[in-house]
Amino acid sequence: MTNEDVRADSGQDLAVAGPGEAGEIAGRGLSRPMALLFALTCGLSVANIYFAQPLLDAMAQDFGIAPAAIGMVMTFTQIGYAFGLILIVPLGDLWDRRRLIVGQTTLSAVALIIVATASHAAVLLAGMVLVGVLAVVIQVLVALAATMARPAERGGAIGTVTSGVVAGVLLARFASGTLADIGGWRLVYLVSAGLMLAMATLLLRVLPRGRRTALTGAAYLALLRSTAALFVEERIVRERALFAFLIFANLNVFWNAIVLPLSAPPIALSHTSIGALGIAGVAGALAARNAGRLADLGWGQRTTGLSLLLMLAAWAPIACLQTSLWLLIAGVIMLDFAIQAVHVTSQSLMVAARPDAASRLVGGYMVFYSIGSATGAIASTIVYAAAGWSGVCILGAGISAAALLVWVITASRIEAPAGCAATR
């Protein structure tokens, strides 16, 4: 199979059906219950990546890892996630996505058990790599939602499903903090393993069946090459990938470091209280879920610019951590709203440009999300150790300013994909 064969086959491999019966074909609509199920699955899956953030201090004590190095837990998870994006997600344009989704969800439970029972730091890190690799089921689901949705509703569908991702990222901190206060950090991963097994069972019953495509070694290599080729062919993919790197580096600069000042005197909050801060972020992220609909209406570029400006402004109240927790909460809402809006808009614009390659587009784009997240995670703990919370805020504001500058430079040069007026 050549690159052209892969490209011709992508986007045509799913026959979308309701549970247990033949139904509508791809592109004829994504029902609201199915979209909500996708959002829930994505939320549970992505939570596995971020459970560790409020628990870093407890993990450091348990394994004897220095505070300045404990950010490696998140970095290794994101490295695994990047490999999954490159090696697994593109298969959604060739294989039956139902098989991919159920298989990844089941294996995620195994990886979570490895983390929960780790007795050495090396085993912990290896388990976190596996957690990251398998969590890319999220992108397979996003691509499936984009394929099933009508073209005029694609951005809205992506926004709904992606809202589950962001809610999962933020609520993970609250859930993990609460469970850790009850039974220690290992309980968090044991509970999650049980939930993932339950979700795999549900997905096996309700996901639409797709066409099974034989996959040879040559076809798989061609598929991976075609993913890289998309970055050469589509300028919007390159530019949106750069936004992904910057906004998610920014997100992890904040969330990976915030546990350190909040858990230390004089604030000294519990894991539950620190995790509850994520609820404020959920409010902002869910409010941004309609960004995909704005992209459908042709307001993608303007939405991006205003959101990046808000992301920069968010660091002013966040810097007031020692003065007022209410200002911190306001900054969290602003930050998560802005990042979610850019993220949804980016995916909507890319899939509108090449709906035939939804899995490869989303997977390639999210590689830069993963690299940015890993970079932000390790940079935040290093900067905090060297310059405290003020240094972290300067770092976050600097990344925000860089993202806004990229938008100013590139916005006028991005062509509108067919069916989506991206230049407004």
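Below: a short report on this structure. As the structure is a prediction and not an experimental result, all values here were calculated from the model.

1. Considering the overall build of the protein chain
Part 1 of the reasoning: Looking only at helices and strands, the protein chain features 17 helices and zero strands.
Part 2 of the reasoning: The proportion of buried residues among the 424 residues of the protein chain is 58%.
Part 3 of the reasoning: A separation of at least 24 residues holds for 85% of the contacts in the protein chain among residues at least 6 apart in sequence.
Part 4 of the reasoning: A total accessible area of about 15300 Å² is found for the protein chain, and carbon and sulfur atoms account for 69% of it.

2. Some thoughts on the environment of Phe-254
Part 1 of the reasoning: By secondary structure assignment, the location of Phe-254 is in helix α11 (residues 235–257).
Part 2 of the reasoning: With relative accessibility at 0%, the residue Phe-254 sits in the buried group.

3. A few points about the packing of helix α4 (residues 72–87) against helix α6 (residues 121–134)
Part 1 of the reasoning: Between α4 and α6, the shortest axis-to-axis distance is 6 Å and the interhelical angle comes to 40 degrees. When the interaxial angle is binned, α4 and α6 end up oblique. The chirality of how α4 crosses α6 is right-handed. Together, Met-72, Val-73, Phe-76, Thr-77, Gly-80, Tyr-81 and Gly-84 of α4 and Leu-124, Leu-125, Met-128, Val-129, Gly-132 and Val-133 of α6 make up the contact between the two elements.
Part 2 of the reasoning: Counted by class, the contact of α4 with α6 contains nine nonpolar, four polar and no charged residues.

4. Regarding the environment of Gly-372
Part 1 of the reasoning: Along the chain, the position of Gly-372 falls in helix α17 (residues 358–410).
Part 2 of the reasoning: With relative accessibility at 0%, the residue Gly-372 sits in the buried group.
Part 3 of the reasoning: With 126 residues separating them along the chain, Gly-372 and Leu-246 place their C-alpha atoms 6.2 Å apart.
Part 4 of the reasoning: Excluding residues within four positions of it along the chain, Gly-372 makes contact with Phe-245, Phe-248 and Ala-249.

5. Digging into the side chain of Ser-359
Part 1 of the reasoning: Within the fold, Ser-359 resides in helix α17.
Part 2 of the reasoning: Take Ser-359: its relative accessible area is 0%, and that puts it in the buried class.

6. Considerations on the packing of aromatic side chains
Pairs of aromatic rings are described using the distance from one ring centre to the other and the angle between the two planes.
Part 1 of the reasoning: Counted by the stated rule, this structure contains nine aromatic pairs.
Part 2 of the reasoning: On the basis of an interplanar angle of 50 degrees and a centroid distance of 5.8 Å, the ring pair of Phe-63 and Trp-185 is categorised as tilted. Placement of the pair is Phe-63 in helix α3 (residues 56–63) and Trp-185 in helix α9 (residues 185–206), with a sequence separation of 122 residues.
Part 3 of the reasoning: On the numbers, 6.1 Å between centres and 80 degrees between planes, the contact of Trp-185 with Tyr-189 is edge-to-face.

Calculation criteria
- Residues numbered from 1 in each chain as written.
- Predicted model: local features only at pLDDT ≥ 70, side-chain atom pairs only at ≥ 80, totals over all residues.
- Heavy atoms only, no water.
- Helix = DSSP H or I, 4+ residues; strand = E, 2+ residues; numbered from the N terminus.
- Buried < 20%, exposed > 50% of the residue type's maximum accessible area, 1.4 Å probe, protein only.
- Contact = heavy atoms within 4.5 Å.
- Areas by Shrake-Rupley, 256 points an atom, 1.4 Å probe, with all protein chains shown as cover.
- Axes fitted to C-alpha atoms, helices over the stretch in contact; angles between N-to-C directions.
- Parallel < 35°, antiparallel > 145°, perpendicular 65-115°, else oblique.
- Left-handed = near helix turned anticlockwise from the far one by under 90°.
- Nonpolar A, V, L, I, M, F, W, Y, C, P; charged D, E, K, R; others polar.
- Phe/Tyr/Trp six-rings, centres within 6.5 Å; stacked < 30°, edge-to-face > 60°.

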